[in-house]
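Observations on chain architecture
Letter by letter, the chains look like this.
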Amino acid sequence: MLRQVAVKSVLNKTKRRDTWFLDDYTVNPFSGCAFNCLYCYIRGSRYGEHMEEKLSLKSNVLEVLEKQLKLRAKKGQYGFVVVSSATDPYLAAEEDSQVTRHLLELLLHYRFPVHVITKSNRVARDFDILKRIDRESILPADLQPLLSHAALITFSFSTLDDTVGKLFEPGAPSPTLRLQALQETLAAGFHSGVSLMPLIPYVTDTGENLHHLFSTFEATGAKYIFPATLTLFGEGPADSKTLVFRAIEKHYPHLSEKYRKLFAYGGQLPHWYRDAFAAKVKSLSETHGLKNTILEQSGNAQG
């Protein structure tokens, strides 16, 4: 049985809209995550240990969300709602609960634009609602000249190799299924792209792998791509640094010493590494015609 928890608030207003994800609000119907990605930033918090075992459904999420949406809509405070930011909205538990589908129905009713971020192919089930959101929802005023879509769907990848994906994202649908879902999403006419984060140093961010990733997403027709390096969080027995290091030592022992040096002074990669990565992906984005923004027109999308 999926655990259930009651909450007082579910629609979270962000302090500042992210220029990549355009998040004015976030909502997470689940607490915890069964995808169990080793690198997840949540692992640096008290919620990070045994994430799949702590998975729970917010039992009153729809009731609370409707109250919050109604108030925001009454005040004309429309903005993109990211579903989800701290867990995936299309976990296996969604098949029975359908809470994400009902949540989207509420967002449609109150005409809020939506940005779905997922590692799952299950999003295809809700294309009917997302199509209506795309047509009927109200974009925030400052985005109206820059964007013609009110339903955005972004698929998260760290690799296209199913074997590598199973090592670092053991509970998530395979990259192959995700790629097929991206193709279906684009074919259905959605504004859809790729969150290419995090890339795993010396494993999925090599020159050969990056070329394969960008070439594949160009051929697929992705509208945008957001590449990012790995950041490791926490200092506990189940934090992302411990789990990623353990996976490297087991499956890529020849990289263990490199990882110890890379992360010797904290959770971020050194400046020289990040600068080289930024230059490489900028060149690849230009070569393959992949934009690093969701916006269709140039302009300022800060909230």
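Above this text sits the structure in question.
Thresholds, definitions, all that
Residues numbered from 1 in each chain as written. Predicted model: local features only at pLDDT ≥ 70, side-chain atom pairs only at ≥ 80, totals over all residues. Heavy atoms only, no water. Helix = DSSP H or I, 4+ residues; strand = E, 2+ residues; numbered from the N terminus. Rg over C-alpha atoms; globule rule 2.2 N^0.38 Å. Buried < 20%, exposed > 50% of the residue type's maximum accessible area, 1.4 Å probe, protein only. Areas by Shrake-Rupley, 256 points an atom, 1.4 Å probe, with all protein chains shown as cover. Lys, Arg positive; Asp, Glu negative; His and termini not counted. Charge placed at Lys NZ, Arg CZ, Asp CG, Glu CD. Pairing = 2+ DSSP bridges. Core = buried A, V, L, I, M, F, W, Y, C linked by side-chain atoms within 4.5 Å. Contact = heavy atoms within 4.5 Å. Axes fitted to C-alpha atoms, helices over the stretch in contact; angles between N-to-C directions. Right-handed = clockwise from strand over helix to strand, strands pointing away. Salt bridge = Lys/Arg side-chain N within 4 Å of Asp/Glu carboxyl O. Phe/Tyr/Trp six-rings, centres within 6.5 Å; stacked < 30°, edge-to-face > 60°.

**Overview of the overall build of the protein chain**
- Along the backbone of the protein chain there are 10 helices and 10 strands.
- Computed over the C-alpha atoms, the radius of gyration of the protein chain is 19 Å, within 12% of the 19 Å expected from 2.2 N^0.38 for a compact globule of 303 residues.
- The C-alpha extent of the protein chain, read off along each of the three principal axes, is 55 × 45 × 35 Å.
- Looking at the protein chain as a whole, 53% of its 303 residues are labelled buried.
- Total accessible area on the protein chain is roughly 13800 Å²; 52% of this is exposed by carbon and sulfur atoms.
- In the protein chain, which carries 36 positive and 32 negative side-chain charges, the distance between the mean positions of the two groups comes to 6 Å.

**Some words on the pairing of strand E8 (residues 151-157)**
- With seven of seven residues buried, E8 is to be regarded as a mostly interior element.
- A two-sided burial pattern is seen for E8, the buried positions comprising Ala151, Ile153, Phe155 and Phe157 on one face and Leu152, Thr154 and Ser156 on the other.
- Where strand E7 (residues 114-118) and E8 come together, five bridges link them in parallel fashion. For Val116, the partnering residue across the bridge sits in E8 and is Ile153.

**What about the nonpolar core?**
- Within the largest apolar cluster, 82 residues are counted, with the highest numbers of intra-cluster contacts made by Leu130, Phe168 and Phe217.
- The greatest single-element share of this core, amounting to six residues, is contributed by helix H3 (residues 99-109).
- Each residue touching Phe168, except ones within four places of it in the same chain, is listed here: Asn36, Cys37, Leu38, Tyr39, Ile200, Val244, Ala247, Ile248 and Tyr252.
- Membership of the second largest hydrophobic core comes to 17 residues, among which are Phe80, Ile117, Ala228 and Ile294.

**Thoughts on the sheet that holds strand E1 (residues 3-5)**
- Pairing is mixed across the open sheet formed by three strands, whose spatial order is E1-E5-E4. The sheet is open, and its two edges are formed by E1 and strand E4 (30-31), each paired on a single side.

**Focus: the environment of Gln183**
- If you trace the backbone, Gln183 turns up in helix H6 (residues 175-187).
- With relative accessibility at 40%, the residue Gln183 sits in the partly exposed group.

**Considerations on the sheet that holds strand E6 (residues 81-83)**
- Taken together, seven strands build an open sheet; the order of strands is E2-E3-E6-E7-E8-E9-E10 and the sheet is mixed. Here the strands that pair on one side only, and so sit at the sheet edges, are strand E2 (12-13) and strand E10 (225-227).
- Pairing analysis gives two bridges linking strand E3 (residues 25-26) to E6, with the strands arranged parallel. Each residue of the ladder has a partner; that of Thr26, found in E6, is Val82.
- Contacting E7 and E8, helix H4 (residues 127-136) runs over the sheet at an angle of about 130° to E8.

**Quick notes on the pairing of strand E9 (residues 191-196)**
- With six of its six residues buried, E9 lies for the most part within the structure.
- As paired elements, E8 and E9 share six bridges and run parallel to each other. By the bridge assignment for E9, Leu152 is matched with His191.
- Bridge analysis of E9 against E10 gives three bridges, and the strand direction is parallel. Its bridge partner lying in E10, Ser195 is registered against Phe226.
- You can see the chain leave E9, run along helix H7 (residues 207-220) and come back into E10, and the turn it takes is right-handed.

**A look at the pattern of salt bridges**
- Inspection of every chain in the model, using the stated rule, returns 12 salt bridges.
- For Arg17, the salt bridge is made with Asp24, and the minimal N-O distance between the two is 2.9 Å.
- Among the residues examined, Asp24 registers a relative accessible area of 6% and is labelled buried.
- A salt bridge links Asp128 to Arg101, with the shortest nitrogen-to-oxygen separation between them at 2.7 Å. With Asp128 in helix H4 and Arg101 in helix H3, this pair connects stretches of sequence that are 27 residues apart.
- You can call Arg101 buried: its relative accessible area is 16%.

**Notes on the packing of aromatic side chains**
- Tallying each qualifying case throughout the model produces 13 aromatic pairs.
- On the basis of an interplanar angle of 80° and a centroid distance of 5.3 Å, the ring pair of Phe21 and Phe226 is categorised as edge-to-face. Linking Phe21 in the loop between E2 and E3 with Phe226 in strand E10, this pair joins segments that are 205 residues apart in sequence. Taken as a pair, Phe21 and Phe226 share a single burial class, namely buried.
- Between Tyr259 and Phe263, the aromatic rings sit 6.0 Å apart at their centres with planes inclined by 40°, giving tilted as the arrangement. With respect to class, Tyr259 is no different from Phe263; both count as buried.

Note that all results are geometric; they support no functional claim without further evidence.
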